[in-house]
Amino acid sequence: MLKAIIIDGSAVARGLLNTVLLDGGYDVVGQGHTCASATALMVKYQPQIVCIARGQVEDDEDGLRALRRDWPKTVIFMVSSEFDASAIQWAHGMGVSGFIVKPFNADTVLKTIRNTVIAMVKRQQKAIAAQNGAAEADGSGGEA
């Protein structure tokens, strides 16, 4: 079961997303209202997924950069009621992997998370296969 943390200034939004994730089979191990609280939760729980409100990211870009730097394999989702092309491009540049739209539609949220996680795993497997292929082509294919 994948562990998740929710960071949002709105207790109502945190509660709704918490319900969606729990009903979808995720283990919500922590909730907070700032990037600083997210860091403490990340250290304690080592989650695979972080859902963070757009406002929290915009208020603390350095906090998001620290999350991405210190936990590079964590899948980060930005949560917002509005997304435009420039916001999506900016968020990708900040290390956000996916987007969850408010108001929450449980099926859409769960599909978004599942599809993003699967895509990331496939990219990682492809990168590993490419590294192994390059090592074999170099003649350093693991024989000592």
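Above this note sits the structure.
Draft legend 1. Looking closely at the pattern of salt bridges. If you walk through the whole model with that rule in mind, you get five salt bridges. For Arg 65, the salt bridge goes to Glu 61, with nearest N and O atoms at 3.3 Å. Residue Arg 65 and its partner Glu 61 are located together in helix H4 (residues 61-70), separated by four residues, close to a single helical turn. Assessed through its relative accessible area of 39%, Arg 65 is described here as partly exposed. Residues joined in a network through salt bridges with shared partners are Glu 61, Asp 62 and Arg 65.

Draft legend 2. Just the sheet that holds strand E4 (residues 75-80), in detail. Read across the open sheet, the five strands follow the order E2-E1-E3-E4-E5; overall the sheet is parallel. Strand pairing shows two members of the sheet lacking a second neighbour, strand E2 (27-32) and strand E5 (98-101), which therefore form its edges. Ignoring which end each strand starts from, the neighbouring axes of this sheet average 25° apart. Pairing of strand E1 (residues 3-7) with E2, which is carried by five bridges, proceeds in the parallel orientation. What sits directly across from Ile 7, in E2, is Gly 32. Docked against the sheet, helix H2 (residues 35-45) engages E1, E2 and strand E3 (49-53), running at close to 165° with respect to E1.

What counts, and where the lines are drawn
Residues numbered from 1 in each chain as written. Predicted model: local features only at pLDDT ≥ 70, side-chain atom pairs only at ≥ 80, totals over all residues. Heavy atoms only, no water. Salt bridge = Lys/Arg side-chain N within 4 Å of Asp/Glu carboxyl O. Helix = DSSP H or I, 4+ residues; strand = E, 2+ residues; numbered from the N terminus. Buried < 20%, exposed > 50% of the residue type's maximum accessible area, 1.4 Å probe, protein only. Pairing = 2+ DSSP bridges. Axes fitted to C-alpha atoms, helices over the stretch in contact; angles between N-to-C directions. Contact = heavy atoms within 4.5 Å.

In short, geometric facts, not functional conclusions.
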